[in-house]
Each structure stands twice: as structure tokens, then as C-alpha cells.
Amino acid sequence: MSSKGPSGGGARAGWFARLRKADVGDLFSRKREPGPPRTVFVNQKLPEDYVDHRGKLKKEYVFTTNQVITSKYTVITFVPRNILEQFRRVANVYFLAISILQFFPKFTTVAPGVVILPLVIILGITALKDGYEDYKRHESDRKVNYSKVKILHGAEVPNTNGTTLKTKTFIRRILPTRSRDPRTSFSSETTIWSKASRLSKDTAQSSAPSREAIEYDHDEGGPHWKDAFWEDVRVGDFVKIAEGEQFPADILICATSEDDNVAFVETKNLDGETNLKSRRAVDGLAGLNNAKECADARNAFTVRCDKPDTDMYRLNAAVTFNGQDFPVDINNVFLRGTLLRNTRWAIGLVLFTGEDTKIVQNSGGTPSKRSRVERQMNPQVMVNLGIIAAVAVVCAIADSMLQVKYFELDAPWLYGADQSDDNPRINGLITWAFALLTFQDIVPISLYLSIEVVRTIQAAFIYFDYDIWYRKTNQATIARSWNLSDDLGQIQYIFSDKTGTLTQNQMIFRQCTIGGVAYTGEPDPPTYDDGANVDEDDFKSKSRVTLGDKENTETLAIPVKLEYAASSSHSVNTPPLKSSSSFSSKSNDDDEAPHFYDHQLKRDLDAAMDAEQSSSNAAHARSLHGFFTVLSLCHTVLTAVHPETGEISYKAQSPDEGALVQAAADVGYQFVGRDRETLLLRTPGSTEVEKYELLNILEFTSARKRMSVVVRRVDGEDHRPMLLAKGADNVIFDRLRAGNDEMKDETERHLSEFANTGLRTLTLAYKIIPEEEYASWSERYYQATVAMDDREARIEAVADELERNLRLLGATAIEDKLQDGVPEAIADLKKAGIKIWVATGDKMETAIAIGRSTNLIAQESNIVILRGGSRRSARDQLSRAFEQFFPEVEVQYERKSRVSTSSRQEGPIPMHRMNTGITDIVGTENGERPGGFVLVVDGAALLEAFQDEESKALLLNLSQQCEGVICCRVSPLQKALIVRLVKDGIGAMTLAIGDGANDVSMIQAADVGVGISGEEGLQAVNSSDYAIAQFRFLKKLLLVHGHWSYARNGTMILNFFYKNMLPFGIKFWFQFYCGWSANYVYDYIFVLFWNSIFTVAPVVGVGVFDRIMDYHILMDVPELYRYGREKYWFSFRSFFIYMLDALVQSVAIYFIILYTYTSPTARRDGYDVAQSEFSTVMALVGVMVANIYVGLNATAWTLWLFFAVFIGIIIVWVFAVVYAAIEPSSAVTALYGNNYLLFHSAFFWLCLPIAFLVPLLPRYLAKYWRFSIEPSDLDILRAAKAQNAHQNWKEYSGTKSAEHELSVFKQEGAASRYTSRSSFVASGRHTPARPSIDVRAASRTDMSTGLTSVDRGFDFAQEENGVELRRMQTNLSERHFGDSGQGATKGKGTLRKMIFSRRIKREGLGEVQLATGVSKTT
């Protein structure tokens, strides 16, 4: 027995948990399990064993359609799914049962059709609202599914791979097309949320580029490419994608327009990374480069693939072509959702479509969300149902007992009550059913209809709020799910994407330090020496590149806006093969990245040009030249020349590199391009292009944290190799030569200042390499690159040999440009007590840098880092973090035994003091910074932590101790798991916001999903509950609209329960006097119209027009948002208070009126008082008390609210008079005569004010006590507003006013040991002078190593181990190995002599000396 008990309890608990988590959406989900491994047959028929005995293709060989549907309903599922969703409301089930009961004649009060009509109306209106919301989702799906792509037509062997049928969607069935197919109005451009598509419809259509429906790339009349819709793409189809187009499916690369069949893709829609990725075609399929070759039956092959999965970074397949097998991995595949960049075209074979694509696999089905208020209403309705059930049972038992007693006494009213269906015992059941009807209004059916109406109006308020209307694109904030408005006022956690959500995907070179001198840039347009402003166009002309022969010089302008894409290797004298739309002029200057300009830098560069060898500024001149030479040569940026305008565009795989190269060009060091392995550079004042031979590229990786190139000057006198390096400050400083400590200290101080203002830093250095040393090193490097064993480690070791004894040049500071108002919005949201998590696919350094610039990480924050894949498991890192930083927090976890016994005795991780070679940067107080803690965790650590429940609990507990959490390198599926961890783990209200397809699963998993209609497509918006244009709009959406909606809806619902409990109580007290017969105390017409007419207006008025506080005060004092997070406006406690208040008021109303009329008579004629007389007084007083009580609970008595409160009172009085005046000849009414008997009675007019005021007195006194004796923060601010409505309300935020002392604002959840500063000041970007920051500020502890260091903002993005970089490395090795010394003549003099002996002639000017060297002679 003892063993069965717990198991039985566990089974019951498990059953209840499954029932509580049950989701209607799961019953109608269109998601299917991933299919088995597949083989795709191309240009050949399917094997015979693929079909069954009936000649039909077997189910396992039928692939899913490419149609993707994010909407909830179809024509078939709309009615059943919507009905099930609505009947999740317990009240609807109750109303249905009551309606069915009244279909029996015994219990009929009015016509049965009239009884069920209100329920049908409510269900119908809600269904129409849900249908309209889903209609908008279908429209968005249609834009995606009807996008166009070119598919091969005219193949000798048609595509025989099987595909499922497309779903007939809601739009096609309900809204059939008319004269033409509306799909023709959509093209591939509509899937890219570009600037054009954000304009008006007419503008977008007029600006869209023309598109040929048919393309011949070989022979006219033969096989060709023809436009088709995305949803018609099938597995096994050949498709041709042009530059700038999205990929409709997961596609195997066959051929591209570029050298070695390389292509470049933009993946920020998948992983949030802004740098481009290089992809390469399968070697064996390179010949399939036109329609004819793709359609040729002789080019038959098969592709064997693994089954579809969610791993965005892994794909295993193999191509069998002409008897040879060619391996396929993720680098040979275009994934759906990515864009083709800087590649004119690419031809591929469709492998996975629709739900089998990786991006769709990572997103879930559209959930059926309900607000927390609605979920809380169900238990409250259950309480009311329990009350009515108990009262019905009491009435049944009491009535049955009384009938039994009086039947034996021959009571005349029980005459004939001895039948089988009419006797004292069976009549108890009849009374029970009648009691359910009598007291049914305790569960108001009009409540749900009122909520739907109020939420619809609230959605309109959001739409018409011009403060959150983005004027640049004329885009409003749209509520796509109207039933979640009150959830906006209860958010506790925000999960945000980074790229496109917090940032603008734009890097701007802001500041730099060169030779110990900081250059902070100029915020205003530059001026000439005479003080006149320089025209913007004139300034742009300063960075023009001159190409061509000397007789006919061609001037080419470098565009302001960089194209963050990579290009094929074109010589700068050779125009690109295709003109891209990216060269078109921009009409909006806001889209252009600003140039870097600094007055002091300009003067220093001018002085450097005239500097003599022995002058005092010669050293700084060398630093300046070396610094910008590194910027303009140490990169993988390529150039493209527009064939018509001649403009040069920089094509960079990462925006960081593009910004650095552009900054160098802005000051005169213009990277002109590359001719194979020769780099071309124009320096200030020079009319000739300097040529540098690229010898080696030591590529950037996350482990190396640096990139270096080895170059040799081809022209000029000195041909010694030079190493140019850039990387993280600690990595570069560790490799510097000894000496020059003063410059190092100054550079280190500047780096800290840059980092503390949220800028991304990069340190630059160089070194001159003797010929003999380079020849020896080059041989070792080549051997390492061809080693079969441990190749990566050997390459790193050899590279590290060369990257030693460097000379420091300086550092750069780049701004990852944020969306407007992001730091201020995040600061205010944090003050509102909302914890913010950032989940991004970017690397850790980028995530930390964004955390700084957005105020998530303060200057004095302690950063705790968890890394996966290290020798310490994620669980061990989590437990050690608690031991070290939060020893006072009791964590329930079981210590697992370790191999080393000494490790158990070491206690907290010791604080290592890391030396950068300059100074000790970590003090003993590390971990004790006053800025609180921020947790940074990567995707690998999350993967480990999610493997067991204990690690998940530790991670959740640790995150609650921190003020913010940053998750980096996370997949779309991990984003959803993070949201569910917090949502399910602590029951917190969560909001997820993003703008890309990689954010869909996170948006769907959160309680509220917000999509930003940005540059990464419409997928996030399609799956969201609210669509906004800018992150900063989230502040008002939550602090004002969310707070208002939650306060209004909570107050409205509580008042709804109150106003229905009031007549319940009046009718209940009457049962004591009517023999518990379940009769009505007053006429049924008052019961019928109580909810629908008499008392509905005030509660709806509160839901629509009440205003707890003016919007500008809510914006200026974000701490007031805590009322929503703490469930102040709607909770079980408030529910019971309102119900008890109604019950007490019903006692006062009933018994005051009852005993007033308990007298010999209240009539002039001396007759007894009829029940209809005093009960009508109860009805009138009840309506007056209910409406005025609702008005007392409101805050802002506007004209509309005043009207809503008193309209019901006016109506009930007019109705009582008119209804009582109806003569029996017209209709039989029980109130006829009240106009003569009731309204002329002194009893009526004397008891009316008493019965009205006494019930309201307790609530009024309670409000007076609270406001006067124990005022809340809201009360204090209201009083302050009454005294001075125009004061500065921001003074109340985070501080205590001398006149109005606000209560302490507490954040919920487990508090951190350290409280962050309450106010945040957005750092300026162009302040010339910045305060010196303690170098020990903002420490970071890596729990995987135990090392602690100072965070100086290093960040650099570049594709690691990319296809294009491997191709460049291969070409360099083939060209340079074995003859690295050939063609290199030693310089006759020192480099210093070469630098200062060069003089150049400028036409019309005198001689100008130019310092172009980079180093002294060693």
C-alpha cells in the first residue's frame, strides 16, 4: 500500500500537469516529424522500388511542399479550433449548459432561442475578431509564398521527385480571386523588407526593378529559366538566383558567376551575424552553369542527404555524378532565408523545401496565446461556480425539507404534490436547477464580450498613437493579437535579438588613438582653415580615387555607404561584370554612414607630410602613416567599380573591415583595389598608386583574436616584408617589444575610455621582417599548411612565431550603430524592474560590446562568463560562480564527486591576476564592483546546461542574481528554450522581440511576441503579436499602453465580478424569506437587463477611458511599472475583496429597504406593500450603487467616463417609469402601478439616499484612509500633479524628492548583492574630452578558466575558415612558396632615409614632403 500511494499521487499530478499544459494548437498543428534520409534524383527517373503495387509513390519518398503557413486556421480547422479555444473559458461552458437547461419546458424563462442568442453572439464576434487577425497572417504568408524565383524549364527528363499537395488556405477558399491571379502582383522583391517596400504601395511598385519572366542564358528557344512562385518549388528543381534575392529553399550549389564558383551570402536572417559567409559549389557540378547543361539528360546524378534537422551549422550529403562521389557539407548549401550578395548569379538544386528547411525546423507552429488575466479569470469563475453550486444545493435541500414538513401539514401551496414528477423530494432537484438559473448572473456572460470590445479599442489606441508611429516609413505600431494588451503591463523579462533589433547593422568609425594621441572625431561638418563650413558634397570629394593613365585621369568617388559584401577579384581598372542596384544614389541621407573627420588629425597629417627626418614630430609622422597603412592593407576587403558612374565601392565580408578601410580613405589613405595578389594604395598628396605584394594572410579566428598580413612594397626603394597586425588589446600587448611604456600606458587608458562608452576597439601594430627571417618562416609556414596531423595547431604555432616583437601603432574605436533611442529605452526598462536578456547568434565579444553601448553593462559591472566546450563543464562553472560571487544564496544542487580531491578543498575559484605585460589590471576587489553582475553565456554552455534538470535550475537561479543576461552564439531553437526556461521555471511574464526569421521561435515561445519590421524580412512580424518599427517604441508600448491596458482591464474585470455579486447577494438574502424556493426578489426584467444595459457602460468606460496616470509621468517615472509586475491591478486578493465588498453592500441594500418597508403600510390607501414595490427600490438602488461604485474605483473622471457612469442610472430610472406605466391591456407587467404607489411614497424617497450612501461609505472611507494615511506612489504623484502639473517628473525617477518622498522601488525576484546605479546617462559619441575611467572598471571573469581581466571593448567580426579565405590562402601558397625571395631587391638605404628623401611634385604647387614610412630602421 505504501508503494502505491506515491505512485498514484504522482500519476495524478502528472495527469493534472499534462491537462494544465494542454494546448489546443497541438491538435491542429501542421508541423510534421522530419522525414527519413532522402535521395534526390536529377535528370533521371525514380527507381522502381519507390512505387507501390498500385503505381503510387510510397509515402516515405514524398517530400513536403515549399508552401509555408504561419497562420493558425484553415477553412477546415477554423470552426472546430476556434470553438475549442473559446471553450477553454470555463464561463462559456457554464453558459452553454445553462442555455441547454432552458430548452426544457420546465425551466424555460424566455424563449430558448433568445436564451442562447447572447452566447452565440459572443462566440460569433470573438470568432470574427480571431478570423480577421488570422486573415492578416494569411496575407503575410501570401507575400512570401507568392514571391518569384526562376526555375528551369525545358528539361529532357522532368523532375520526378514526389511532393505533397499544397494546402488550400483560408484566403483562397473564403476570398476567391477575381479577374486575375493576385499572385502576379508579388515578386521576389516583396520578401525583402527593403527601403522601397516600406514606402507607400504606389511608391514601392514604381521603384521596384523590372524583372523578366523568362531568361535564356544559352540558346534562344531551348531550355530556359522561368519565373515560378516559391510555393511551387519542388525538391529536385534547378533554380537560378540573382544578386540580392533570397533563397526559397535549402539549395545545393551547382555553379556561380564568380571565380572558383564561390558565392557570398548574408545570413543575419538566420544567425544575426552581420558579416557575410562564403559558400562554394560542389566540385563535380561546376559544369552546370546554364540552363542547357542543367537540362541535359546526360548530366544525371543523385544526391544522398541526411534527414532534415534543426542544426543550422551542419549538413551531411554526397553527390554521385559520373560514378564519382563528391562530399557535401553546409559550405556547399544555400539555406532558406539567406540572401545572395556580391555574386551576380548562382545555380542550385533544391534539396529541402518548406517545413523541412532548417529555418522552418527551428520555428514552431503558431501558438494559441491567452493573456495572464484571462488565465487568472478561469479560477475566479470556478470560485463563482462553486458559490452558485453551493447556494443551489442549499436551496434544494432547504426547499425539499420545508416541503416535506409542510406537506404533512396539508399546506395549500403543496396541493397535488404527490405525483412521481411532483413531490417534495423530487422538487428539491427542480429547485436546484431553478437556483442555477436564478443566480446565473454571478458569472456574467457579457464580461467576455465587454473584454473583446475594450481590447479592440485598446488596439486602436495603440495604432493611432503617433508617438510610436515611425514617420520615416509611415508605419504604425500594430496589435496583431488584440487579446494580449493587458500582458504588456505585466512584463518581467524581455528577450531581445541584437542585429536589426538593437542595432542598425551599420558600423561607424568614431575615434582612434595613434602614437598615444586620441582623435575623437567631429560631430559637425568639417571646416576649412578660414573657418568656412565645408559643403558635404565637397567633403565627399576629398576622398576620391584617381585611376587611369596620366594623360586622361579618371576620378572615381568612394561612396559613403559601404556595401558589406564580398566581391570577386576584379582589378580596380576592370569594371565589375554587372551593375548592382547598390550603386544607386540614396535619397535619404540618414541611410548613409558618416565620414570620419577630425581637425587635429588633419593638422597632424599635414604636418607629417612636411616633416623632416630630424624634426620633433618625425616619430608621430611614422605612427600616423603606419596606422592608416595597416587599416588600408590588413583586411580582406575588395573593390568594385560601377561601369557607368565610375564609383568605387568597398565590398567587405564584415562591416567592421568596411568601416576601417573607409576611415582610412576618409583621411586620404585610399585602398584602390587589388590585382590578384597585389594591393593598390593611394596615400595623401601622392599622384601615384603604391603597390604592395600580399605574401601571407594569418586569418582571424575567435581563438587567435587577431589578424595579420605580410606584405612587401613592390615599387619604391625598400622591399623588405612587413607584418601588419590588428587584434584584441591583450593579445597585441602581449606580443609587443619591450620599451615605449609611456605610449603603451596612454593607449591602454584610451582603450578603457573607448570601451566604457560602448565602442568596439581594435589594436594595431606592425613589424619589419628581415629577408632571411621571412624566408625561413615562410618555409615552416608552408609545411604547417600541408601537414596531415594537427594542422591547425602547427599553423597557429608558426604564425605566433612571426607575430612577436611588434611595434604598437594605436587603436580604433568603432560604433555598432544602435537604433535611435535604444540606450535610453533599455535604461528606463531596467528602472521599471524589467530584466533584459539579449540572445544573439553573434560571437561573445560583439554581444558584450552591444551590452555596453545599450546600458545593459554599466562601466562598473562585473561580467560573469560561461563557456561551453572547456575542461570545466557548464554545471561546474555554474556552481563555482555561486561559490565565488553569491555564497549567501542557498542553491539546492547535489555536488558530484570529482576526480581530484584537492579541487574540493580549494573553495571559490581564486582570483587570478592577469598581466598584459604592462601593468597589473585586476585588483583585490574584483567581483565587488558596485555595478552589479551581468551573465554572459554562449550556445555551447547552454547546450550543456539544458542536458539535465539540475544544470537548468542552476542556470535559472544564477540568472536571477544578475541584472542582465547575454546569450551569444545561440541557434533559433535555443532562443526559444531560453524563453521557456524563464517562462516555465519561475512563471514570469516574458516578452520576446526580434526582426528576423531566426527570432520566430523565440517570439512564439514568449507570452508576448513583438516583431520589428526591419531589414531582415517579414517573418518575425508575421509570427508576432505586436509589430513595431523601432525598439525605442517598446518603452511607451509597455510603460504607457501596457500599464494603462492592464490597469483598465484588471479594474474592469474586478468591477464586473463585483457588480454581478451585488444582485446575487440581494437575491440570496431573499431566499430566507421565500422558503428557499429560488425565486427572484425583483422582476425578471431587471435581471435580464442588469448586465446588458443597466450596469455595462461604467465597466466598459473604465476599460476604455480610465487613466491611472498621465502618459508623460509614466514615461518619466518608469518605476511605476512595478504595479503591473506585482499584479496590483488584478489578483485573487483583489477578487475576494471586491466580492466581499459586494456581499456587504447587498446586506445593506436588502435589509435597509426591507425593514424600511416592514411597517403597517407605506401606502395612502392602507393596503399591504406588494413585493414588486420594495423590490423595485432594491433594483434601482442596486444599479445606482453598482455604477457609482465603479466610478469611485476609476482614477480619471473624464467627460466620457462621467457619461458612462451615469447613463445606466438614467436608463434604469426612465425604464422603471415607462415599464410601470404600461397598462395591462397592452402587456402584463408586475410593476404596473408603481408610478402611483411607489414614487409618491415618502418611504421611497427617505430610504433611497440612505440605502444608496451606506453601502458606498466603507469603500469611500477606505480610499480616503489610503490616500491620506498610507498613500502609494501613484497617490503621491497625483497629489504632486494637483499642486503643480508642469514640474519635472524625471526628478522622481530613481531619487527622493524633498517635498514628495516616493516609497522605495523594489525589483522583484532574488535581489543581487549589489544594486546598480538607478540612473543611466547615455554616453555621447562626439564629446572631445572624456573623463578618465579607472582601468579596473568593468571586470570580466571567465568561469571556464577562472581568469579575470578588464573588458576593453575588443570586437571584430570576420568569417572564420571561410571558403573564400581558404581559396586566397591556396593561391598565395601556390604563388609564393619556393620563390619568396625572388623579385625582391634589398633597399640601398634605411627605411627612414627612404621616407624622408621622397619628394613628389604636384601640379601648380611647390614641393611637399610626404612621410610615407612605417618604421625606423631596426
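The structure contained in this document is the topic of the report that follows. (Residues numbered from 1 in each chain as written. Predicted model: local features only at pLDDT ≥ 70, side-chain atom pairs only at ≥ 80, totals over all residues. Heavy atoms only, no water.)

### Topic: the packing of helix α11 (residues 372-408) against helix α36 (residues 1132-1156)
Thought 1: Axis separation between α11 and α36 bottoms out at 11 Å; the angle between their running directions is 35°. Note that α11 runs across α36; the crossing there is right-handed. The residues of α36 that touch α11, namely those facing Pro 379, Gln 380, Val 383, Asn 384 and Ile 387, are Phe 1132, Phe 1135, Phe 1136 and Met 1139.
Thought 2: Residue composition of the contact of α11 with α36, grouped by class: seven nonpolar, two polar and no charged. (Axes fitted to C-alpha atoms, helices over the stretch in contact; angles between N-to-C directions. Helix = DSSP H or I, 4+ residues; strand = E, 2+ residues; numbered from the N terminus. Left-handed = near helix turned anticlockwise from the far one by under 90°. Contact = heavy atoms within 4.5 Å. Nonpolar A, V, L, I, M, F, W, Y, C, P; charged D, E, K, R; others polar.)

### Some words on unusual backbone geometry
Thought 1: Its identity is not glycine, yet Asn 322 carries a phi of approximately 55°, on the positive side.
Thought 2: Tracing the backbone through its elements, the reader meets Asn 322 in the loop between β12 (317-321) and β13 (324-328).
Thought 3: In the Ramachandran plot, Lys 705 falls in the positive-phi region, its phi being about 60° despite a non-glycine side chain.

### Examining the sheet that holds strand β10 (residues 277-280)
Thought 1: If you trace the three strands from one edge of the open sheet to the other, you get β10-β9-β15, paired in antiparallel fashion. Among the strands making up the open sheet, the edge pair consists of β10 and β15 (339-341). Strand-to-strand twist in this sheet, taken as the mean axis angle between neighbours without regard to direction, amounts to 45°.
Thought 2: Across three bridges, strand β9 (residues 262-266) lies against β15 in antiparallel orientation. Within β15, the position partnered with Phe 264 by the bridge is Arg 341. (Pairing = 2+ DSSP bridges.)

### Observations concerning the sheet that holds strand β5 (residues 214-215)
Backbone hydrogen bonds are what pair the strands of a sheet, in a parallel or an antiparallel way.
Thought 1: Taken together, the seven strands give an open sheet; going across it, the order is β5-β6-β3-β7-β16-β8-β14, and neighbouring strands pair in antiparallel fashion. Each edge of the open sheet carries a strand with a single partner, namely β5 and β14 (333-334).
Thought 2: Here two bridges tie strand β3 (residues 148-153) to strand β7 (residues 238-242), and the two strands are oriented antiparallel to one another. The residue of β7 that forms the bridge with Lys 150 is Lys 240.

### What about the environment of Ile 795?
Thought 1: For Ile 795, the location among the structural elements is in helix α21 (residues 791-802).
Thought 2: Residue classification places Ile 795 among the partly exposed positions, given a relative accessible area of 24%.
Thought 3: Distance in space between the C-alpha atoms of Ile 795 and Tyr 781 is 6.5 Å, their sequence separation being 14 residues.
Thought 4: Look past the residues within four positions of Ile 795 in its chain and what remains in contact with it is Tyr 781, Ala 784 and Thr 785. (Buried < 20%, exposed > 50% of the residue type's maximum accessible area, 1.4 Å probe, protein only.)

### With respect to the pairing of β3
Thought 1: One ladder, built from six bridges, connects β3 with strand β6 (residues 224-229); its direction is antiparallel. Bridging across to β6, His 153 finds its partner in His 224.

### Examining helix α41 (residues 1273-1283)
Thought 1: Buried within α41 we find Asp 1273, Leu 1274, Asp 1275, Ile 1276, Leu 1277 and Ala 1280.
Thought 2: In this fold, the buried residues of α41 make contact with α34 (1111-1116), α35 (1122-1125) and α40 (1242-1268).

### Focus: the pattern of salt bridges
Thought 1: As enumerated under the stated definition, the model contains 54 salt bridges in all.
Thought 2: Where Arg 706 meets Glu 796, a salt bridge forms, and the shortest distance between an N and an O atom there is 3.1 Å. Of the two residues, Arg 706 sits in strand β28 (residues 706-713) while Glu 796 sits in helix α21, which places them 90 residues apart along the sequence.
Thought 3: Taking relative accessible area as the criterion, Arg 706 reaches 3% and is therefore assigned buried. (Salt bridge = Lys/Arg side-chain N within 4 Å of Asp/Glu carboxyl O.)

### Here we look at empty space enclosed by the protein
Thought 1: As enumerated under the stated definition, the model contains 17 cavities of 30 Å³ or more in all.
Thought 2: By volume, the largest cavity amounts to about 300 Å³.
Thought 3: Lining the largest cavity we find 24 residues, and of these Lys 72, Asp 130, Ser 368, Lys 369 and Asn 483 sit closest to its centre.
Thought 4: Within the lining of the largest cavity, the residues separate by chemical class into one nonpolar, ten polar and 13 charged. (1 Å grid on protein atoms, 1.4 Å probe; cavity = no way out; pocket = protein on both sides within 12 Å on 5 of 7 lines; lining within 4 Å. Points joined across faces, edges and corners; volume = space filled by probe spheres on them.)

### Observations concerning the nonpolar core
Thought 1: Counting 117 residues, the largest nonpolar core has Ile 1053, Tyr 1082, Phe 1086, Ile 1153, Met 1178, Trp 1213 and Phe 1244 as its most contacted members.
Thought 2: Per element, the largest residue contribution to this core is 17 residues, and it comes from helix α31 (residues 1033-1071).
Thought 3: With sequence-adjacent residues up to four places away left out, Phe 1086 is seen in contact with Phe 1094, Thr 1176, Ala 1179, Val 1212, Phe 1215 and Leu 1231.
Thought 4: Counting residues in each nonpolar core, the second largest holds 49 residues, with Cys 512, Ala 663, Leu 694 and Ile 768 among its members. (Core = buried A, V, L, I, M, F, W, Y, C linked by side-chain atoms within 4.5 Å.)

### Describing the pairing of strand β29 (residues 721-727)
Thought 1: Among the seven residues that make up β29, seven are buried, leaving the element largely enclosed by the rest of the structure.
Thought 2: Burial along β29 is two-sided: the face carrying Pro 721, Leu 723, Ala 725 and Gly 727 and the face carrying Met 722, Leu 724 and Lys 726 are both buried.
Thought 3: Judged from the seven bridges that link them, β28 and β29 form a sheet pairing that is antiparallel. Pairing of Arg 706 across the sheet is with Gly 727, part of β29.
Thought 4: The pairing of β29 with strand β30 (residues 760-768) spans six bridges and is classified as antiparallel. The residue of β30 that forms the bridge with Met 722 is Ile 768.

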